[in-house]
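What follows is each chain in one-letter form.
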Amino acid sequence: MLQTLMADNKTTGTNQEDWLVEYARLNIARMNRLDKTFAVPQKNWHQIQKMPNDLWFLTISEGWCGDAAQIIPVIEKMVAAKASWDHKIILRDEHLPVMDRFLTNGTSRSIPVTIMLKADTLDVLGWWGPRPAGAQAVIDELKAENADFEIVKEKLHGWYAKDKGQSTAAEFMQTLQEAITTLENHMAA
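## Remarks on unusual backbone geometry
The phi angle of most residues is negative, glycine excepted, and most peptide bonds adopt the trans form. Residue Ile-111 is joined to Pro-112 through a cis peptide bond whose omega torsion reads 5°. In this chain, Gly-129 is followed by Pro-130 through a cis amide linkage whose omega measures 5°. Checked against the element boundaries, Pro-130 lands in the loop between strand S4 (124-128) and helix H6 (133-144). Residue Leu-122 is not a glycine yet carries a positive backbone phi of 60°. Position of Leu-122 among the secondary structure elements: in the loop between strand S3 (113-118) and S4.

Right, dumping it as structure tokens:
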């Protein structure tokens, strides 16, 4: 979808300012790089194969979101590791009532957010996002220093480049394990 919009020099959402369109363009390159370089860690792949078949994943995002470009390809590969799982992406600004159920710290519409659901009932089992703890630490440190936005972007994406999706995979797996426990407890009750 983002590549189609880029053909018309657009991004997702109603705000089509040049800087957001440029972020979306950079994000396509970031997503392509991760799609080529990230592989689901073997231990996670084996864990996923033992998990229930009836899970569904919904990610809330936007094309201009730099974190999403670093995270969604990892989530997509993690979910694709189990043939029976499905992953859909919706746009935050077109689905604000959904977004408002999964606010960061109860107030922020930070993205991306991936929601884990029971496929047949759409019961929410858990959710993860908007970024790995290490990336959040970079943001928090630079905000405390009142760093310029360009420096924040540079340091954040430098962190993502060094991490290569490993923290996203690990934290997603931890949240997924917790969701499975919730599902098992619900079924046992």
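Next comes the rest of the write-up.
## Some words on helix H7 (residues 149-163)
Taking 1.5 Å as the rise per residue, H7 with 15 residues should run 21 Å; its terminal C-alpha atoms sit 21 Å apart, in good agreement. Buried residues of H7: Val-152, Lys-153, Leu-156, His-157, Trp-159, Tyr-160 and Asp-163, and no others. Axial view of H7: buried residues confined to an arc of 150°, hence all on one face. Opposite the packed face of H7, turned more than 90 degrees from it, sit the exposed residues Glu-154 and Lys-162. Buried residues belonging to H7 abut helix H2 (18-37), helix H4 (66-80), H6 and helix H8 (166-188). Where H7 begins, one side-chain oxygen reaches toward the backbone nitrogen of Glu-150, 3.0 Å away; that side chain belongs to Asp-148. Following H7 by one or two positions, Lys-164 adopts a phi angle in the positive range, close to 55°.

## Observations regarding the side chain of Arg-30
Here Arg-30 shows up in helix H2. There is no salt bridge for the buried Arg-30, and the closest opposite charge comes from Glu-150, which lies 8.7 Å off by N-O distance. Residues within four places of Arg-30 in sequence aside, it is in contact with Gly-66, Ala-69, Gln-70 and His-157.

## Digging into the nonpolar core
Leu-55, Phe-57, Met-78, Trp-85, Phe-172 and Leu-176 are the most contacted members of the largest nonpolar core, which has 32 residues in total. Mapped onto this core, the elements with two or more residues apiece are strand S1 (55-61), H4, S4, H6, H7 and H8. At seven residues, the largest contribution of residues to this core is made by H8. In this structure, Phe-57 is in contact with Val-79, Trp-85, Asp-86, His-87, Lys-88, Thr-114, Ile-115, Met-116, Phe-172 and Leu-176, ignoring residues within four places of it in sequence. Counting residues in each nonpolar core, the second largest holds 15 residues, with Ile-72, Ile-111, Val-113 and Leu-117 among its members.

## Re the sheet that holds S3
Spatially, four strands are ordered S2-S1-S3-S4 in an open sheet, and the strand pairing comes out mixed. The open sheet has two free edges, formed respectively by strand S2 (86-91) and S4, since each of these has just one partner strand. Here the strands of the sheet are splayed against their neighbours by 20° on average, with no regard to which way each runs. One ladder, built from six bridges, connects S1 with S3; its direction is antiparallel. Paired with Phe-57 across the bridge in S3 is Met-116. Its contacts with the sheet put H8 on S1, S3 and S4, and the angle it makes with S4 is roughly 165°.

## Brief notes about the packing of aromatic side chains
This structure, assessed with the given rule, holds six aromatic pairs. Relative to Trp-85, the ring of Phe-57 lies with its centre 5.1 Å away and its plane at 55°, an arrangement referred to as tilted. With Phe-57 in strand S1 and Trp-85 in the loop between H4 and S2, this pair connects stretches of sequence that are 28 residues apart. Seen in terms of ring centroids, Phe-57 and Phe-172 are 5.9 Å apart; in terms of plane orientation they differ by 50°. Their pairing is tilted. Placement of Phe-57 in strand S1 and of Phe-172 in helix H8 is noted, with a sequence separation of 115 residues between them. Through a chain of ring-to-ring contacts, three or more aromatic side chains come together here, namely Trp-19, Tyr-23 and Phe-149.

Parameters at a glance
Residues numbered from 1 in each chain as written. Predicted model: local features only at pLDDT ≥ 70, side-chain atom pairs only at ≥ 80, totals over all residues. Heavy atoms only, no water. Helix = DSSP H or I, 4+ residues; strand = E, 2+ residues; numbered from the N terminus. Expected span 1.5 Å × (residues − 1). Buried < 20%, exposed > 50% of the residue type's maximum accessible area, 1.4 Å probe, protein only. Arc of directions from axis to C-beta. Contact = heavy atoms within 4.5 Å. Polar contact = N/O pair within 3.5 Å; in protein donor to acceptor, adjacent residues only side chain to side chain. Lys, Arg positive; Asp, Glu negative; His and termini not counted. Salt bridge = Lys/Arg side-chain N within 4 Å of Asp/Glu carboxyl O. Core = buried A, V, L, I, M, F, W, Y, C linked by side-chain atoms within 4.5 Å. Pairing = 2+ DSSP bridges. Axes fitted to C-alpha atoms, helices over the stretch in contact; angles between N-to-C directions. Phe/Tyr/Trp six-rings, centres within 6.5 Å; stacked < 30°, edge-to-face > 60°.

Structural measurements only, silent on function.
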